[in-house]
Amino acid sequence: SQQGEEDPQALSIQEGENATMNCSYKTSINNLQWYRQNSGRGLVHLILIRSNEREKHSGRLRVTLDTSKKSSSLLITASRAADTASYFCATDARGGTASKLTFGTGTRLQVTL
Amino acid sequence: DAGVTQSPTHLIKTRGQQVTLRCSPKSGHDTVSWYQQALGQGPQFIFQYYEEEERQRGNFPDRFSGHQFPNYSSELNVNALLLGDSALYLCASSSLDRDVGDTQYFGPGTRLTVL
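Since the model is a prediction, treat every value here as computed from it, not as a measurement.

Each value, and the rule that gives it
- Residues numbered from 1 in each chain as written.
- Chains lettered and ligands numbered in written order.
- Predicted model: local features only at pLDDT ≥ 70, side-chain atom pairs only at ≥ 80, totals over all residues.
- Heavy atoms only, no water.
- Helix = DSSP H or I, 4+ residues; strand = E, 2+ residues; numbered from the N terminus.
- Rg over C-alpha atoms; globule rule 2.2 N^0.38 Å.
- Contact = heavy atoms within 4.5 Å.
- Areas by Shrake-Rupley, 256 points an atom, 1.4 Å probe, with all protein chains shown as cover.
- Lys, Arg positive; Asp, Glu negative; His and termini not counted.
- Charge placed at Lys NZ, Arg CZ, Asp CG, Glu CD.
- Salt bridge = Lys/Arg side-chain N within 4 Å of Asp/Glu carboxyl O.
- Buried < 20%, exposed > 50% of the residue type's maximum accessible area, 1.4 Å probe, protein only.
- Pairing = 2+ DSSP bridges.
- Polar contact = N/O pair within 3.5 Å; in protein donor to acceptor, adjacent residues only side chain to side chain.

Novice: Explain the overall build of chain B here, please?
Specialist: Summing up its helical and strand segments, chain B has 0 helices and 11 strands in all. Listed N to C, the secondary structure of chain B is β-β-β-β-β-β-β-β-β-β-β in terms of helices and strands. For chain B, whose C-alpha radius of gyration is 14 Å, the value lies close to the compact-globule estimate of 13 Å for 115 residues. Along the three orthogonal principal directions, the C-alpha set of chain B runs to about 45 × 25 × 25 Å. For chain B, the share of sequence-separated contacts (at least 6 apart) that also reach a separation of at least 24 residues comes to 53%. Carbon and sulfur atoms form 47% of the exposed surface of chain B, whose accessible area is close to 5,400 Å². Side-chain charges of chain B comprise 9 positive and 12 negative groups, with the mean position of each set lying 12 Å from the other.

Right under this line is the structure:
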């Protein structure tokens with residue numbers, strides 16, 4: 001079963017604009033990870049945020065986590081056509097030796113020139 | 001440093017057949033997890049192997065089985081294929097070494113089509 005849902009399901013923006021995707025989940029987590037997937041291929045890891053962290057940055061990516069609301073957001077600033085992909089959040093309930101990921105349904109991002 | 005590799009890239013089978021998919025983890029990783037991704041959906045956890053044993057299992061029938069070898073590579077076997085088994089099968093590697101962290105690195109996937 002899917003742990004959470006991404007919102008929106010699809011997003012279309014122009015190059016240079018910012019893109020924000022949201023993820024909601026249902027159970028307590030150890031960490032939350034964001035992945036990108038191009039055209040049904042393998043998943044590329046973007047960023048991991050732990051349950052005791054509230055915000056994390058990596059290049060043009062900014063991730064926030066609100067464990068009280070069981071939600072996270074991914075912000076991509078100054079988007080590029082190459083950012084066109086599906087983005088998934090994945091929760092890890094236990095981490096460490098019991099780590100397994102539960103994925104949301106994904107957000108399809110289209111960045112046009 | 002080679003990342004996670006999977007073979008084959010694509011596979012076409014008919015109902016009732018059996019299939020074996022292969023995965024080599026990223027260098028330095030000792031844990032392999034398998035996921036099934038149906039079209040338009042997020043990946044779903046099948047099972048995880050560590051020290052050549054199945055450590056965790058998702059909600060998949062016994063038709064799905066696996067193996068991990070001493071070199072940490074892994075196989076996913078699916079018996080008595082059904083049309084609904086058509087999906088992208090993803091392998092992810094990670095390490096239980098806390099210095100490496102909890103990040104799972106995914107391979108390019110194997111696209112299985114069952115006719």
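Novice: Honestly, the pattern of salt bridges in this entry has me stumped. Any pointers?
Specialist: All names here are of chain B. Under the definition given, this model contains 7 salt bridges over all chains. Among the ionic pairs, R55 bridges to E51, the shortest N-O distance being 3.1 Å. E51 gets classed as exposed once you look at its relative accessible area, which sits at 52%.

Novice: What is the right way to look at unusual backbone geometry in this model?
Specialist: What you tend to see is this: most non-glycine residues have negative phi, and most peptide bonds are trans. Of the consecutive residues D7 of chain A and P8 of chain A, the connecting peptide bond is found in the cis state with omega at 0°. Its location among the elements puts P8 of chain A in the loop between β1 (5-7) and β2 (10-14). Omega for the peptide link from S7 of chain B to P8 of chain B comes to -5°, which places this bond in the cis form. Looking at where P8 of chain B falls in the secondary structure, it is placed in the loop between β1 (5-7) and β2 (10-13).

Novice: Teacher, can you tell me more about the pairing of strand β7 (residues 61-66) of chain A here?
Specialist: When a strand is regular, its side chains alternate between the sheet's two faces. Residues and elements named next belong to chain A. As paired elements, strand β6 (residues 55-58) and β7 share 4 bridges and run antiparallel to each other. Opposite H57, over in β7, you have R62 as the bridge partner. Linking β6 to β7, which pair antiparallel, is a turn of 2 residues; within it G59 sits at a positive phi near 60°. Bridging between β7 and strand β8 (residues 71-76) involves 6 bridges; their strand directions are antiparallel. The residue bridging L65 from the neighbouring strand is S72, located in β8. Between β7 and β8, which follow one another and run antiparallel, lie 4 residues, and K70 among them has a positive phi close to 50°.

Novice: Help me understand the environment of E53 of chain A, please; the structure alone is not making it clear to me.
Specialist: All names here are of chain A. Here E53 is to be found in the loop between β5 (43-50) and β6. C-alpha of E53 to C-alpha of L65: the two residues are 12 residues apart in sequence and 7.0 Å apart in space. Leave out the neighbours within four places in its chain, and E53 touches L48 and L65. Of the polar contacts made by the side chain of E53, one reaches the backbone nitrogen of R50; its length is 2.7 Å.

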